[in-house]
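Results of the structural survey
This is what each chain is made of:
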Amino acid sequence: MYATPSATPTPPNYAQTPARTPSRRPASIGELAERALDNLWDDRKELKFYLRQAEQYRKDGKTFAAHGDHENAFVSFARAATLVLDKLPTHRDYRTMLSDKHRHNLGLVRGSLGPRRGAPV
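Residues numbered from 1 in each chain as written. Predicted model: local features only at pLDDT ≥ 70, side-chain atom pairs only at ≥ 80, totals over all residues. Heavy atoms only, no water.

**Describing the side chain of Asn72**
Inspection of the secondary structure puts Asn72 in helix 3 (residues 70-87). Polar side-chain contacts of Asn72 include one of 2.5 Å to the side chain of Arg35. At 2.8 Å, the side chain of Asn72 and the side chain of Asp69 are in polar contact. (Helix = DSSP H or I, 4+ residues; strand = E, 2+ residues; numbered from the N terminus. Polar contact = N/O pair within 3.5 Å; in protein donor to acceptor, adjacent residues only side chain to side chain.)

As structure tokens, then:
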């Protein structure tokens, strides 16, 4: 993935929570979920934009997790999941731009997570 085995990725710097200090309590799941949904969706943007965004959020989540930044990892993974599971199927171009195979593969992702309960994230 990286040029040298010793190279470590730098976590992305968007939407990060300041590093935890003894005086700062961890964010609650509700707070993290709220951050994950902040400015996530704009109906005017193209479907390909959101497909790329979902993949980038997934990669960012892995990077944050590798660096022990669990709060930002949660937010990134929640953003990716919300886009793929909830938002993309409602996009105006979802049925026309994605082939049956692509929609089927996205459906497999949705199905592998089991039944959805409650609100997104």
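**Some remarks on the packing of helix 1 (residues 29-37) against helix 3**
Where helix 1 meets helix 3, the axes come as close as 8 Å, and the angle between the chain directions of the two elements is 50°. With respect to helix 3, the axis of helix 1 lies oblique. The handedness of the crossing between helix 1 and helix 3 comes out as right-handed. Each of Ile29, Leu32, Ala33, Arg35, Ala36 and Leu37 in helix 1 lies in contact with helix 3, whose residues at this interface are Glu71, Asn72, Phe74, Val75, Ala78, Arg79 and Thr82. Considering only residue class, the contact of helix 1 with helix 3 consists of eight nonpolar, two polar and three charged. (Axes fitted to C-alpha atoms, helices over the stretch in contact; angles between N-to-C directions. Parallel < 35°, antiparallel > 145°, perpendicular 65-115°, else oblique. Left-handed = near helix turned anticlockwise from the far one by under 90°. Contact = heavy atoms within 4.5 Å. Nonpolar A, V, L, I, M, F, W, Y, C, P; charged D, E, K, R; others polar.)

**Brief notes about the pattern of salt bridges**
Once the charged atoms of two side chains with opposite charge are near each other, the side chains can pair. Scanning all chains against the criterion turns up five salt bridges. Note that Asp42 is salt-bridged to Arg44, the shortest N-O span being 3.0 Å. With relative accessibility at 69%, the residue Arg44 sits in the exposed group. Between Glu55 and Arg58 there is a salt bridge, with the nearest N and O atoms lying 2.6 Å from each other. (Salt bridge = Lys/Arg side-chain N within 4 Å of Asp/Glu carboxyl O. Buried < 20%, exposed > 50% of the residue type's maximum accessible area, 1.4 Å probe, protein only.)

**Considerations on the nonpolar core**
Core analysis: the biggest nonpolar cluster contains 13 residues, and Tyr57, Leu83, Val84, Leu88, Tyr94, Leu98 and Leu106 have the highest contact counts within it. Secondary structure elements with two or more residues in this core: helix 2 (47-66) and helix 3. The residues touching Leu106, leaving out its near neighbours within four places in the chain, are Val84, Tyr94 and Leu98. (Core = buried A, V, L, I, M, F, W, Y, C linked by side-chain atoms within 4.5 Å.)

**Describing the packing of aromatic side chains**
All told, the structure shown has two aromatic pairs when counted by the stated rule. Aromatic pair Phe49 and Tyr50: ring centres 5.0 Å apart, planes at 80°, arrangement edge-to-face. A relative accessible area of 28% means that Phe49 is categorised as partly exposed. The class of Tyr50 is buried, set by a relative accessible area of 2%. An aromatic cluster is built from Trp41, Phe49 and Tyr50, whose rings are joined through pairwise contacts. (Phe/Tyr/Trp six-rings, centres within 6.5 Å; stacked < 30°, edge-to-face > 60°.)

**What to know about unusual backbone geometry**
One non-glycine residue with positive phi stands out, namely Asn39, at about 55°. Residue classification places Asn39 among the exposed positions, given a relative accessible area of 71%.

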